[in-house]
Amino acid sequence: MALMLAALVTSLFTNTKAQTGFAANIGDEKSEAVIKRAITLLGGDRYVNVTSVVSNGNFTQFAEGTALSFYSFNDYILYPDNERTEFKINGARTVQVNTGQSGWTYDGAIKAIKDMKPAQVQDFQWFVIRTSVENLLRGGWRSTGATLKHTGRREAGLGKRNDVLRLLYPDGFAAEFEFTPDGFPAKVIYTRKDGEGNEAKEEDRLAQWVEISGIQAPLIVDHYRGGVQFSRVNFKTVEFNKPLPPAFFTRPATAKDLK
């Protein structure tokens, strides 16, 4: 549960920029126009140059359309590659931290700190980031060999059609990003295997955009799996460019040293 929520929060705000030393890919003319319009709408240079994001809110998991569980969370991101998510689960504090190519977790129920498993780190690097709106708009995909194409417009309600951009990576993984007619990111759609190896269509829907310090941010993100709502992230507050010390993301020696 903790890993899933942290992934959802991180996928919204992960700031990934194109690496230097590689030829930067470009999309077709239509896809680049959609990206340019979205960046301008979300805050232009202010959006592109964000250095940190601090947020808190609530996470709800659903089962067959009914709210099953409810947790509060606090999330801290220091760019380029530090992210810490804390939540309360059944009264116990849980912490997950990603720091570039490594990470660690704290389970308050048993008061134990563990290094993140390689598979969890890889999941963050190769799945969470690649389905991130931030990765698309800030250009992190451009140095990966991925290709971007505007594939047309998709019906999105009465008289409305969203622009659809398809980002295809060299290993065959693809994510589709939908943008509303006025330019806001609306959906991210992709296929992912579950723990048993079965593929399922997953979808993140972004809503209730608000302006914060000149930057647009979605306060609601609904996650669907196989066409059924699985969870909702509801942000209560979002702060940009708040100072965060790097030590805040460092793995403590023992559980007692956790702050």
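The rules we used
Along each chain, numbering runs from 1 in the same order as the chain's sequence is written. Only residues with pLDDT of at least 70 are given local features in this predicted model, and only at 80 or more are side-chain atom pairs given and counted; all residues enter the totals for whole chains, interfaces and linings. To get the side-chain values, all heavy atoms of the structure are used, and hydrogens and water are removed first. Each helix is a run of DSSP H or I of at least 4 residues and each strand a run of E of at least 2, with the numbering of both proceeding from the N terminus. Burial classification: accessible surface area is computed with a 1.4 Å probe over protein chains only, and a residue below 20% of its type maximum counts as buried, one above 50% as exposed, and the rest as partly exposed. By the convention used here, residues are in contact when the closest approach between their heavy atoms is within 4.5 Å. We define a salt bridge as a side-chain nitrogen of Lys or Arg found within 4 Å of a carboxyl oxygen belonging to Asp or Glu. Stacked, tilted and edge-to-face are the three classes applied to pairs of Phe, Tyr and Trp rings, where Trp contributes its six-membered ring and a pair requires centres within 6.5 Å; stacked means planes under 30 degrees apart, edge-to-face means over 60, and tilted covers the rest. Helix span, expected: 1.5 Å multiplied by one less than the number of residues in the helix. For this quantity, the arc is that covered by the directions from the helix axis to the C-beta atoms.

A.B. asks: Quick question: what am I supposed to make of the side chain of Gln-216 here?
C.D. replies: Tracing the backbone shows Gln-216 in strand E12 (residues 215-225). Classification of Gln-216 by relative accessible area gives buried; the value is 17%. Beyond its immediate sequence surroundings of up to four residues, Gln-216 is in contact with Leu-41, Leu-42, Phe-184, Trp-209, Val-210 and Glu-211.

A.B. asks: Sorry if this is basic, but what is going on with the environment of Gly-172 here?
C.D. replies: Here Gly-172 is to be found in the loop between strand E8 (161-168) and strand E9 (174-179). Among the residues examined, Gly-172 registers a relative accessible area of 49% and is labelled partly exposed. The spatial distance from the C-alpha of Gly-172 to the C-alpha of Ala-146 is 9.4 Å, given a sequence separation of 26 residues.

A.B. asks: I would appreciate a short explanation of the pattern of salt bridges in the present structure.
C.D. replies: Close approach of charged atoms allows side chains with opposite charge to pair. As enumerated under the stated definition, the model contains 15 salt bridges in all. Glu-86 serves as the salt-bridge partner of Arg-84, at 2.7 Å between the closest nitrogen and oxygen. Looking at Arg-84, the relative accessible area reads 2%, which means it is buried. Under the relative-accessibility criterion, Glu-86 is labelled buried at 12%. A salt bridge links Arg-154 to Glu-178, with the shortest nitrogen-to-oxygen separation between them at 2.8 Å. You can see Arg-154 sitting in strand E7 (residues 147-155) and its partner Glu-178 sitting in strand E9, a full 24 residues away along the chain.

A.B. asks: Can you walk me through the packing of aromatic side chains in this structure?
C.D. replies: Between two aromatic rings, the relevant description is the distance of the centres plus the angle of the planes. Taken as a whole and judged by the stated rule, the model has six aromatic pairs. Ring plane angle 85 degrees and centroid distance 5.7 Å describe the contact between Phe-73 and Phe-235, whose orientation is recorded as edge-to-face. On the criterion of sequence distance, the pair formed by Phe-73 in strand E2 (residues 66-78) and Phe-235 in strand E13 (residues 228-240) is long-range, its members being 162 residues apart. Given a relative accessible area of 2%, Phe-73 falls into the buried group. Judged by its relative accessible area of 2%, Phe-235 falls in the buried class. On the basis of an interplanar angle of 80 degrees and a centroid distance of 5.4 Å, the ring pair of Phe-248 and Phe-249 is categorised as edge-to-face. Overall, Phe-248 belongs to the partly exposed group, its relative accessible area being 22%. The exposure class of Phe-249 is buried, given its relative accessible area of 2%. Among the aromatic residues, ring-to-ring pairing joins Tyr-76, Phe-248 and Phe-249 into one connected group.

A.B. asks: Just checking my understanding: could you explain helix H2 (residues 29-42) for this structure?
C.D. replies: Owing to its 3.6 residues per turn, the α-helix brings residues three or four apart onto one side. For H2, built from 14 residues, the straight-helix expectation of 20 Å at 1.5 Å per residue is met to within 8% by its first-to-last C-alpha distance of 20 Å. Turning to H2, its buried residues number three or more, namely Ser-31, Val-34, Ile-35, Ala-38, Ile-39 and Leu-42. Angularly, the buried residues of H2 cover 130 degrees about the axis, an arc narrow enough to put them on a single face. Opposite the buried face of H2, at more than 90 degrees from it, the exposed residues are Glu-29, Lys-30, Lys-36 and Thr-40. Gly-43, located one to two residues past H2, shows a positive phi value of around 135 degrees.

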